[in-house]
Every structure is written in structure tokens, then in C-alpha cells.
Amino acid sequence: MSIDSSYQVRAFHSFVTETHHDAGPAPAQLLIKAAVAVVIRNPFAGRWVEDLSPLTAPSASLGTELGERAVALLGGRPVESYGKGGLAGLSGEQEHVVACITTVFGDAFRDAVGGGKAWISSASKTAAAGTQIDIPLAFKDEVYVRSHYDAITIALPDAPHPDELVLIAAVATGGRPNARVGGLTVSDIVARDA
């Protein structure tokens, strides 16, 4: 584990969904969505702190670790979409999650999944243990590729405790099966960037 020692890790949770078929014709390839969550102690739970940089500064280690673990769940398939997010326990603030998953985290996560040119979609909130969160997914090289607008739903029965943060990185091997509402396509982006 390569997470900076300033974070006190309680647990990791991994999630994988495989969609082999949805309505309509069978897709050319199955869609795999994967996410990894880490549960850490929130050092600022229960108190106001102006400077959240102690959460942000070492967060590249979170982005790398979660990204590498998420990619491993795809079984060697390349990442086409990504997203991030998290939950703050009830004694914490949404801002504590955001401090952990901002640009420092995002750049490391992007590197860990093999690169990406698009900003990383994100969701965060304050919640009790067991609360669901939808981590948004978007195409890694252009956020406006409509076929890849998606999400993976995460819930941890025992987290976050009031004094914890849950940080999540998510990836997918493609867009929605049978996406057909127009807009930019992956081939448009590949041709544009060639």
C-alpha cells in the first residue's frame, strides 16, 4: 500500500459490475464498471479548521493507490471513463472530502489509469454509514462524449463512521450499452486528437 502515512486507513472496499446485455441488441463488448473506496479517519471531524491543506497535500498517494486498484479490477481492459467522489461522516464536512480529491488527487488518479485529458467528474456529500452515493463517470479524454455519461452506485454498510471519510475512485471500460442520443463520439475525439 502506497498511501501516505498521514492518512489513517481503516478499510478498502472494491466494487465491480459487468453488463453483458441490456435492452436491445447485445453490445459488441461487455461493460465493466469498477470502483475502489478507502475509509480513513477524518482528523478534522467535529471542529472547524480553516486550512485543509493537510488533507490535500499528500492526496496524490490516494489517487495513485485507488486508481491502480480500480484498474486492476478491469482485468487488463483499458479505461475509457473515470470519476471520483466521497462521503464525509456526520461529524465532518463535505469540504473535507473535496480537499482529499481535488487536483492533487486527480492528477495522480489520471496517471494511474493510463492518462486522460478531461476533467474528472465528481460527487461528494456528508452522510451516515450505509448511505448510497452515485459516482459519476465520463469519457477520460473529453467530458462531452455523451455516450459515456454514467455512474456507479456505492454504499458501505459500516462507513463512514461520524469521524471518517470515504474516498472513491471509479473507472469503466466503455459507455452505456446501446447509447444512441447523439453528440460527440469516442471516434470523433480520436480523429480530432490524431
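Scoring rules and cut-offs
Residues numbered from 1 in each chain as written. Predicted model: local features only at pLDDT ≥ 70, side-chain atom pairs only at ≥ 80, totals over all residues. Heavy atoms only, no water. Helix = DSSP H or I, 4+ residues; strand = E, 2+ residues; numbered from the N terminus. Buried < 20%, exposed > 50% of the residue type's maximum accessible area, 1.4 Å probe, protein only. Pairing = 2+ DSSP bridges. Contact = heavy atoms within 4.5 Å. Polar contact = N/O pair within 3.5 Å; in protein donor to acceptor, adjacent residues only side chain to side chain.

A. Region of interest: the side chain of Glu142. As for its placement among the helices and strands, Glu142 is situated in the loop between β5 (133-139) and β6 (150-154). Residue class for Glu142 comes out buried when judged on its relative accessible area of 15%.

B. Structural context of the pairing of β5. Most of β5 sits out of view: 5 of its 7 residues are buried. Bridge count between strand β3 (residues 81-88) and β5: 2 bridges; the pairing is antiparallel. Within the sheet, the bridge partner assigned to Tyr82 lies in β5 and is Ala138.

C. The environment of Arg192, seen in detail. Relative to the helices and strands, Arg192 is located in helix α5 (residues 186-193). Sequence separation of Arg192 and Ser2 is 190 residues, and the distance between their C-alpha atoms is 36 Å. The residues touching Arg192, leaving out its near neighbours within four places in the chain, are Asp141 and Glu142. One polar contact links Arg192 to Glu142, side chain to side chain, over a distance of 3.0 Å.

D. Region of the structure containing unusual backbone geometry. The omega angle of the peptide bond from Ala159 to Pro160 is 0 degrees, so this bond is cis rather than trans. Locating Pro160 in the fold gives a position in the loop between β6 and β7 (164-172). Positive phi is not limited to glycine here, since Asn178 has a value of about 60 degrees. With respect to the helices and strands, the residue Asn178 is situated in the loop between β7 and α5. Residue class for Asn178 comes out partly exposed when judged on its relative accessible area of 24%.

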